[in-house]
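One-letter residues, chain by chain:
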Amino acid sequence: MNNLSTHFVDAALCSSLKIIRALYEELNLFEEKGIGFGGDRSLNIDLIAERILVEKLSEFGNILSEEAGFIDNGKDKTIIIDPIDGSYNVSNNIPYFGTSIYLEDTVSVVVNLSNGDYFIRDENGKKFDNLFRKPFHATFRHDVILFEKAYQNPDIVKKLNDNGLKFRAPGALSLSLSYGESSKAVIYKGEIREFDIAAAKFYNKDCFWHFEDDLIVMSPKYEYLEKVVNIIKG
């Protein structure tokens, strides 16, 4: 990594560790704080995480955040962040939530705050590792689809079931799009916001993607992508 990438990644991972610490030490984490820039309710933990990220990352670029919107730091590049991806999960003690950080055209960092897994892409390619231990590696079977917002799309659920395709609906889009290189495919149908997808889209840009106004399908193999899209559209 060049110096910019190295320093940016270090700052992003340091921020993630501080957010994890805040989850254990801060009070009133799940107190509602109104509606954020992205249109979702903001919890106290969202604002705490955003404050940590802004403090650590502002030297590298302007910041576009799901909570505060655009923060002009007078820089040439912009960093797109989702401070807490999966707020409903963390507030309901479901261990699948993270933070998503993207320095445009340069570096992406997605961290699973619940288990320490992290995903990095920079000018040298991709890296998957863990903040606390040796990461889990396996020869994945690519049997399961990760289907975000499945509860809002019963028609697609029925089509997948009718075609014998297993799926899971974890509830954190940037994490699912990052882990998606090990699945059969990732499906998301709903409002598409750059905060939710920017870092993961850059991380897995060598996978196969299908975009529509309210639909994303991503797969590590083109034949999987084609099959899933045909089922959804059929």
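All of these numbers come straight from a predicted model, not from anything done at the bench.

## As for the UniProt feature "binding site: Mg(2+)" (unreviewed entry) in the chain
Within this structure's numbering, the places UniProt gives as "binding site: Mg(2+)" (unreviewed entry) are E66, D82, I84 and D85. Across 20 residues in sequence, these annotated residues keep their C-alpha atoms within 9.8 Å of one another, forming a single compact spot. By the element assignment, D82 lies in strand 5 (residues 78–85). Ignoring any residue separated from it by four or fewer positions in sequence, one finds D82 in contact with E66, G98, T99, S100, F195 and D196.

## Examining helix 1 (residues 3–25)
Between the first and last C-alpha of helix 1 there are 33 Å, a value that for 23 residues agrees with the 33 Å anticipated at 1.5 Å per step. Of the positions making up helix 1, those classed as buried are S5, F8, V9, A11, A12, L13, S15, S16, I19, I20, A22 and L23.

## Thoughts on the pairing of strand 8 (residues 117–122)
Judged by how many residues are buried, strand 8 sits mostly within the fold: six of six residues are covered. Pairing between strand 7 (residues 107–112) and strand 8: four bridges, direction antiparallel. Within strand 8, the position partnered with V109 by the bridge is I120. Of the pairings in the sheet, the one linking strand 8 to strand 9 (residues 125–130) comprises six bridges and is antiparallel in character. Bridging from a neighbouring strand, I120 pairs with K127 of strand 9. What sits between the antiparallel neighbours strand 8 and strand 9 is a turn of two residues.

## Considering the environment of N28
The topology assignment puts N28 in the loop between helix 1 and strand 1 (32–35). Take N28: its relative accessible area is 54%, and that puts it in the exposed class. Note: C-alpha distance between N28 and I45 (17 residues apart in sequence) is 8.2 Å.

## Structural notes on the pattern of salt bridges
Going through the model one piece at a time under the given rule, you end up with 12 salt bridges. Salt-bridge contacts for R193 lead to D196; the nearest nitrogen and oxygen are separated by 2.9 Å. Across the pair, D196 and R193 agree in class, each one buried. Close ionic contact of E194 with K201 constitutes a salt bridge, the shortest N to O distance being 3.7 Å. Connected through salt bridges with shared partners, the residues R121, K126, E181 and D206 form a single ionic network.

## Quick look at the packing of helix 4 (residues 154–162) against helix 7 (residues 222–233)
Pairs of packed helices are described in terms of their axes, by the angle between the two and the distance that separates them. For the pair helix 4 and helix 7, interaxial distance at closest approach is 9 Å and the crossing angle is 125°. Classified by the interaxial angle, the pair formed by helix 4 and helix 7 is oblique. Two packed elements cross with a definite hand, and for helix 4 against helix 7 that hand is right-handed. Residues I156, K159 and L160 of helix 4 form the contact with helix 7, whose own contacting residues are I231, I232 and K233.

## Some remarks on unusual backbone geometry
Its identity as a non-glycine residue notwithstanding, D105 has a phi of 60°, on the positive side. Inspection of the secondary structure assignment puts D105 in the loop between strand 6 (98–103) and strand 7. Even without glycine at this site, K149 takes up a positive phi of about 65°.

## Digging into the nonpolar core
Membership of the largest hydrophobic core comes to 33 residues, with the highest contact counts inside it found for F8, L57, I79, I101 and V109. Of all the elements in the fold, those that place two or more residues in this core are helix 1, helix 2 (44–57), strand 5, strand 6, strand 7 and strand 8. Considering each element in turn, this core owes the most residues, nine residues, to helix 1. For I79, the residues in contact, after removing those within four places along its chain, are F8, L57, F60, G61, N62, I63, L64, I101, Y102 and L103.

The rules behind each value
Residues numbered from 1 in each chain as written. Predicted model: local features only at pLDDT ≥ 70, side-chain atom pairs only at ≥ 80, totals over all residues. Heavy atoms only, no water. UniProt positions renumbered as here; feature names shortened; annotations may be inferred. Helix = DSSP H or I, 4+ residues; strand = E, 2+ residues; numbered from the N terminus. Contact = heavy atoms within 4.5 Å. Expected span 1.5 Å × (residues − 1). Buried < 20%, exposed > 50% of the residue type's maximum accessible area, 1.4 Å probe, protein only. Pairing = 2+ DSSP bridges. Salt bridge = Lys/Arg side-chain N within 4 Å of Asp/Glu carboxyl O. Axes fitted to C-alpha atoms, helices over the stretch in contact; angles between N-to-C directions. Parallel < 35°, antiparallel > 145°, perpendicular 65-115°, else oblique. Left-handed = near helix turned anticlockwise from the far one by under 90°. Core = buried A, V, L, I, M, F, W, Y, C linked by side-chain atoms within 4.5 Å.

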